[in-house]
Amino acid sequence: RILCHRNKMSQIRAILEERGWDWRSIALGGAASLGGGLLGVYAFRKLRQKRRARGAPLPYPLPFHPIFQNIPLLAERVEKRKEHVDAVLMDLMASQKHLGKLFRLRVLTMDLVVVCDADAAKEITQQKNYPKSPTYDTLHPFIGAKSMVCSEGKVWSKQRKAFAPGFQFAFLKDLVPTFASKTQLLIDRFARAADTGEVLSFHTEAVLLTVDVICQVALSVNFGYLTSKEPPEIFYLFNELLTNTAELARAPHTAWMRFLPWVYMRSRNIQKRFDSILIRVIQHRLTETQQEDPLATGPRDILGLAIKTARDAKAEEGGGALDLEDVLAQVKTFLFAGHDTTASTAAFTVYEISRNPEVEAKVLEEVDR
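Quantities reported herein were computed from a predicted structural model and do not represent experimental measurements.

## What to know about the overall build of the protein chain
Along the protein chain, the regular secondary structure elements total 16 helices and two strands. When each of the 369 residues of the protein chain is scored for burial, the buried share is 30%. Sequence-distant contacts in the protein chain: of pairs separated by 6 or more residues, those separated by 24 or more amount to 60%. A total of about 24100 Å² of accessible surface is found on the protein chain, and carbon and sulfur atoms cover 60% of it.

Spelled out as structure tokens, the structure:
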């Protein structure tokens with residue numbers, strides 16, 4: 001291969017010399033153009049960063065490598081302590097007092113701002129809606145590009161205004177009977193398993209519960225997660241998409257692999273099957289509420305409330321109505337963001353209670369009252 005490469009280079013040089021071109025000058029010119037382009041991009045990014053900056057620059061963790069910046073510091077701590085990067089950041093805050101609750105990490109050409117203050121986080125995520133990080137692109141195959149997690153500006157404001165009422169206490173308290181009935185189904189599953197000696201994974205069962213609840217309160221549809229012997233197809237598709245997304249998040253340097261034809265086609269096929277199940281339900285609801293008050297004539301759920309809120313906003317302010325892609329992205333976001341947080345909290349709560357007999361006794365006493 002090396003000899004073949006050298007022969008090709010010799011042939012190219014001979015052709016250039018025959019035409020009176022100096023190949024050394026061409027190579028130097030190309031290198032200079034490339035270097036100038038890279039320098040221009042760097043200068044543009046620094047200028048944009050400076051124009052966007054307000055107040056004093058945020059501090060960096062120390063030591064700061066002149067070439068690799070904060071990468072060695074993070075890599076060393078993660079490898080040495082075997083901790084999640086969040087724990088590493090908390091450790092940096094505790095050990096380097098100059099960082100405060102707002103600092104930045106320099107990784108290659110990116111400045112990553114770490115926010116450890118509740119008020120600042122609220123301003124960034126709810127009030128100002130700053131431009132989202134490119135890392136959110138890895139979530140597009142799972143929750144869609146129009147999800148509130150990924151959207152910005154007026155689109156984000158419209159979506160938040162439409163769906164926020166569905167998460168207010170006044171609305172959620174009316175859904176307590178639904179939460180209770182679904183939880184009773186899970187208790188019945190545990191009771192049957194106890195009678196037969198079957199071993200169940202509490203976390204898996206809690207995931208089935210939370211997904212079933214989300215589908216019920218968001219779409220008023222019962223997929224039978226807790227009543228069937230085997231979970232429905234949508235559950236397996238959901239898990240497959242979630243696994244693929246998690247793998248990309250854990251190893252962003254392999255993100256390019258999702259564009260390989262066979263990887264892309266497989267992921268796209270799973271996504272289409274998952275979307276088609278939700279789309280059938282959403283289309284039916286959008287059609288039946290097109291001419292009517294969705295809360296007066298249809299089930300009282302998050303989708304119905306969002307449709308009514310968006311319709312009222314359109315009448316008052318001339319805003320845009322919710323379309324199928326909007327609704328689909330938000331439903332997938334609810335499933336993605338809501339299922340594991342609740343399931344993991346419930347699983348760890350039961351685990352910690354089982355490790356503390358005194359607490360367990362108090363819980364059982366309260367249940368038996």
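What follows picks up the thread again.
## Overview of the pattern of salt bridges
For the coordinates displayed, the defined rule picks out six salt bridges. Here arginine 189 and glutamate 205 are joined by a salt bridge, their closest N and O atoms 2.7 Å apart. In this pair, arginine 189 sits in helix 9 (residues 176-196) while glutamate 205 sits in helix 10 (residues 202-219), placing the two residues 16 residues apart along the sequence. Pair check on accessibility: arginine 189 and glutamate 205 agree, each one buried. Residues arginine 273 and glutamate 233 are paired through a salt bridge, measuring 2.9 Å at the closest nitrogen-oxygen approach. In this pair, arginine 273 is assigned in helix 12 (residues 261-288) and glutamate 233 in helix 11 (residues 233-250), connecting sequence segments 40 residues apart. Take arginine 273: its relative accessible area is 36%, and that puts it in the partly exposed class.

## Comments concerning the environment of aspartate 340
You can see aspartate 340 is positioned in helix 15 (residues 324-354). Once the C-alpha coordinates of aspartate 340 and valine 207 are considered, the two residues, 133 residues apart in sequence, prove to be 6.4 Å apart. Aspartate 340 has contacts with His203 and Val207, leaving out every residue within four places of it along the chain.

## Some remarks on the nonpolar core
Counting 48 residues, the largest nonpolar core has Leu219, Phe223, Tyr225, Phe274, Leu278 and Leu335 as its most contacted members. With sequence-adjacent residues up to four places away left out, leucine 219 is seen in contact with Ile214, Leu278, Val281, Ile282, Arg285, Asp301, Leu303 and Val331. One finds Leu73, Met93, Leu99 and Val114 within the second-largest nonpolar core, a separate group that totals 10 residues.

## Thoughts on the packing of aromatic side chains
Scanning all chains against the criterion turns up four aromatic pairs. Geometrically, the ring pair formed by phenylalanine 163 and phenylalanine 334 is edge-to-face, given 5.7 Å between the ring centres and 70 degrees between the ring planes. Taken together, the residues span a long stretch of sequence, with phenylalanine 163 in helix 7 (residues 153-163) and phenylalanine 334 in helix 15 at a distance of 171 residues. Summarising the burial analysis for this pair, phenylalanine 163 and phenylalanine 334 share the class buried.

## What about the pairing of strand 1 (residues 102-107)?
In terms of residue burial, strand 1 counts as a mostly covered element, since five of its six residues are buried. Examined bridge by bridge, strand 1 and strand 2 (residues 110-115) share six bridges and lie antiparallel to one another. Counterpart to phenylalanine 103 in the pairing with strand 2 is valine 114.

## Quick word on a nonpolar patch on the surface
Where nonpolar side chains cluster on the molecular surface, the patch consists of Ile67, Phe68, Ile71 and Leu108 and spans about 410 Å² of accessible area. Structurally, the position occupied by leucine 108 is in the loop between strand 1 and strand 2.

## Focus on the environment of alanine 121
Examined against the element boundaries, alanine 121 turns out to sit in helix 5 (residues 118-128). Considering only alpha carbons, one finds alanine 121 and leucine 102, 19 residues apart in sequence, at a separation of 10.0 Å.

## Details of unusual backbone geometry
A positive phi angle, near 55 degrees, is found at serine 220, a position not held by glycine. Here serine 220 shows up in the loop between helix 10 and helix 11. According to the relative accessible area criterion, serine 220 is partly exposed, its value standing at 28%.

## Topic: helix 16 (residues 357-368)
Under the 1.5 Å per step criterion, the end-to-end length of helix 16 is 16 Å for 12 residues, consistent within 8% with the ideal 16 Å. Summarising burial for helix 16: zero of the 12 residues are buried, a small minority.

## Quick notes on helix 7
Count 3.6 residues to each turn of an α-helix, and residues three or four apart come out pointing the same way. Of the positions making up helix 7, those classed as buried are Trp156, Gln159, Ala162 and Phe163. Buried positions in helix 7, seen along its axis, are confined to an arc of 135 degrees and lie on one side of it.

## Quick notes on the packing of helix 9 against helix 10
For any two helices packed against each other, the geometry is given by the interaxial angle and the distance between the axes. Between helix 9 and helix 10, the least distance of the axes is 10 Å, while the angle of their chain directions is 150 degrees. Compared by their axis directions, helix 9 and helix 10 come out roughly antiparallel. Two packed elements cross with a definite hand, and for helix 9 against helix 10 that hand is right-handed. Two secondary-structure elements touch here, helix 9 through Thr178, Phe179, Lys182, Thr183, Leu186, Arg189 and Phe190 and helix 10 through Phe202, Glu205, Leu208, Leu209, Asp212, Val213, Gln216 and Val217. Here the contact of helix 9 with helix 10 is composed, by residue class, of eight nonpolar, three polar and four charged.

Rules and cut-offs
Residues numbered from 1 in each chain as written. Predicted model: local features only at pLDDT ≥ 70, side-chain atom pairs only at ≥ 80, totals over all residues. Heavy atoms only, no water. Helix = DSSP H or I, 4+ residues; strand = E, 2+ residues; numbered from the N terminus. Buried < 20%, exposed > 50% of the residue type's maximum accessible area, 1.4 Å probe, protein only. Contact = heavy atoms within 4.5 Å. Areas by Shrake-Rupley, 256 points an atom, 1.4 Å probe, with all protein chains shown as cover. Salt bridge = Lys/Arg side-chain N within 4 Å of Asp/Glu carboxyl O. Core = buried A, V, L, I, M, F, W, Y, C linked by side-chain atoms within 4.5 Å. Phe/Tyr/Trp six-rings, centres within 6.5 Å; stacked < 30°, edge-to-face > 60°. Pairing = 2+ DSSP bridges. Patch = residues over 30% accessible without salt bridge, like charges linked within 9 Å, V, L, I, M, F, W, Y side chains within 5 Å. Expected span 1.5 Å × (residues − 1). Arc of directions from axis to C-beta. Axes fitted to C-alpha atoms, helices over the stretch in contact; angles between N-to-C directions. Parallel < 35°, antiparallel > 145°, perpendicular 65-115°, else oblique. Left-handed = near helix turned anticlockwise from the far one by under 90°. Nonpolar A, V, L, I, M, F, W, Y, C, P; charged D, E, K, R; others polar.

Just geometry here; none of it tells us what the structure is for.
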